[in-house]
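# Close look at the chain arrangement
Listed here are the chains, written in short residue letters.
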Amino acid sequence: MALPAAQFHDLEGRGVLITGGGSGIGAALVEGFARQGARVAFIDIAETDSRALVEQLAPSVEHAPVFIQADLRDVQTIRSVVDRAASAIGSLSVLINNAARDDRQPLEDVTEASWDESQSVNLRHVFFTSQAAVAHMRQAGGGSIINFSSIAFMLNMGEIPAYATAKAGIIGLTKSLAGKLGPDDIRVNAVLPGMVVTERQKKLWIDDTAIAGMQEKQCLKHMLVAEDMVGPCLYLASDCSARMTAQAMIIDGGVF
Ligand SMILES: NC(=O)c1ccc[n+]([C@@H]2O[C@H](COP(=O)([O-])OP(=O)(O)OC[C@H]3O[C@@H](n4cnc5c(N)ncnc54)[C@H](O)[C@@H]3O)[C@@H](O)[C@H]2O)c1
């Protein structure tokens, strides 16, 4: 699957911040928005992949993406990196909270520390990054926040209690933020990907049998890849969805 051919002209020159943009779905989003002519900044903990992505894209897009290295588990640094991103790209109208880490952990092995770690990498930064972005969006006259949840929390998967909790929490957070920020014309929506086959997923968790098993459940018999998440996010970022907020959009090939 290639990136969508559609052009959303209102995204040209728009300030877009993507968390976890260095690899996987985030990297496809960085490329997808950059190819729309948006001014993209992305935050990631991983330097090598992120720098390689900027180098790869810079020659062929109007505005080279700006990479800011940070660990989003560290709440103290979030405000300063969001401010840095906004000043590097000139304004901030779109925030995509995509960073996460879907560690598996059997029930018996969960500790207080591992639970808190999971919430810090999968949920807490979604709130604090949004909180830091709001001032910039108000300045820009409005905005769109897109939060990455997952269908995983609806699949009764026993080995991901903390991750599933975080991804379910993102739906509640999305609705609360949408209620608070609607009067400022800041829209907040969630996306719930299905099984998206990325390099990391293949390396760590899924094999051909798992992919075939999920395709069996999907209405659409295609393997989902990172680029499949780009079109829905372009739509949610664009004025095409101007009256859509507090929603959760499932992109899973029709499992649910
Ligand atoms: N791949 C799937 O099948 C799938 C399914 C459902 C939902 N999702 C969601 O989609 C989003 C992207 O998933 P993905 O598969 O591309 O993940 P990924 O692991 O490939 O990429 C996540 C990115 O976040 C970055 N990151 C991780 N911890 C960080 C931290 N502390 N600070 C800053 N950056 C950090 C990583 O370096 C990486 O670049 C996630 O929110 C995930 O939960 C993915």
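In short, a report on the structure. (Residues numbered from 1 in each chain as written. Predicted model: local features only at pLDDT ≥ 70, side-chain atom pairs only at ≥ 80, totals over all residues. Heavy atoms only, no water.)

## Considerations on the site of the ligand
Short version of the rule: In these notes, residues near a molecule or strand are those with any non-hydrogen atom within 4 Å of it. We call two N or O atoms a polar contact when they sit within 3.5 Å, provided that within protein one can donate a hydrogen and the other can accept it, with sequence-adjacent residues counted only if both atoms are side-chain atoms. Using a 1.4 Å probe, accessible areas were evaluated by the Shrake-Rupley method; residue-level cover was limited to the displayed protein chains. Helix numbers and strand numbers start at the N terminus; a helix is a DSSP run of H or I with at least 4 residues, a strand a run of E with at least 2. When residue character is reported, Ala, Val, Leu, Ile, Met, Phe, Trp, Tyr, Cys and Pro are called nonpolar, Asp, Glu, Lys and Arg charged, and the others, Gly included, polar.
Looking at the ligand, there are 27 residues lining it, with Ile25, Asp44, Asn98, Tyr163 and Val196 nearest. The separation between an oxygen atom of the ligand and a polar side-chain atom of Asp44 is 2.6 Å. Separating an oxygen atom of the ligand from a side-chain N or O atom of Arg200 is a distance of 3.1 Å. Coverage of the ligand by the protein chains reaches 92% of its 820 Å² of free accessible surface. Elements represented by at least two residues in the shell around the ligand include exactly α1 (24-35), α5 (161-181) and α6 (199-204). Looking at side-chain class alone, the shell around the ligand contains 13 nonpolar, nine polar and five charged residues.

## As for the side chain of Asp252
For the record, the criterion: Buried residues are those whose accessible area, probed at 1.4 Å on protein chains only, stays under 20% of the maximum for their type, while exposed residues exceed 50% and partly exposed ones sit between those limits. Two residue types count as positive, namely Lys and Arg, and two as negative, namely Asp and Glu; His and chain ends fall outside the count. Salt bridges are defined as contacts in which a side-chain nitrogen from Lys or Arg sits within 4 Å of a carboxyl oxygen from Asp or Glu. In what follows, residue pairs with any heavy atoms lying within 4.5 Å of each other are defined as contacts.
Structurally, Asp252 is set in the segment after β7 (248-251). Buried charge Asp252 goes without a salt bridge, the closest partner of opposite sign being Lys217 at 10 Å. A polar contact of 2.8 Å, which involves the side chain of Asp252, links it to the backbone nitrogen of Gly254. Polar contacts involving the side chain of Asp252 include one to the main-chain amide nitrogen of Phe256, which spans 3.0 Å. Contacts of Asp252, omitting those with residues within four sequence positions, involve Ile151, Gly194, Gln218 and Leu224.

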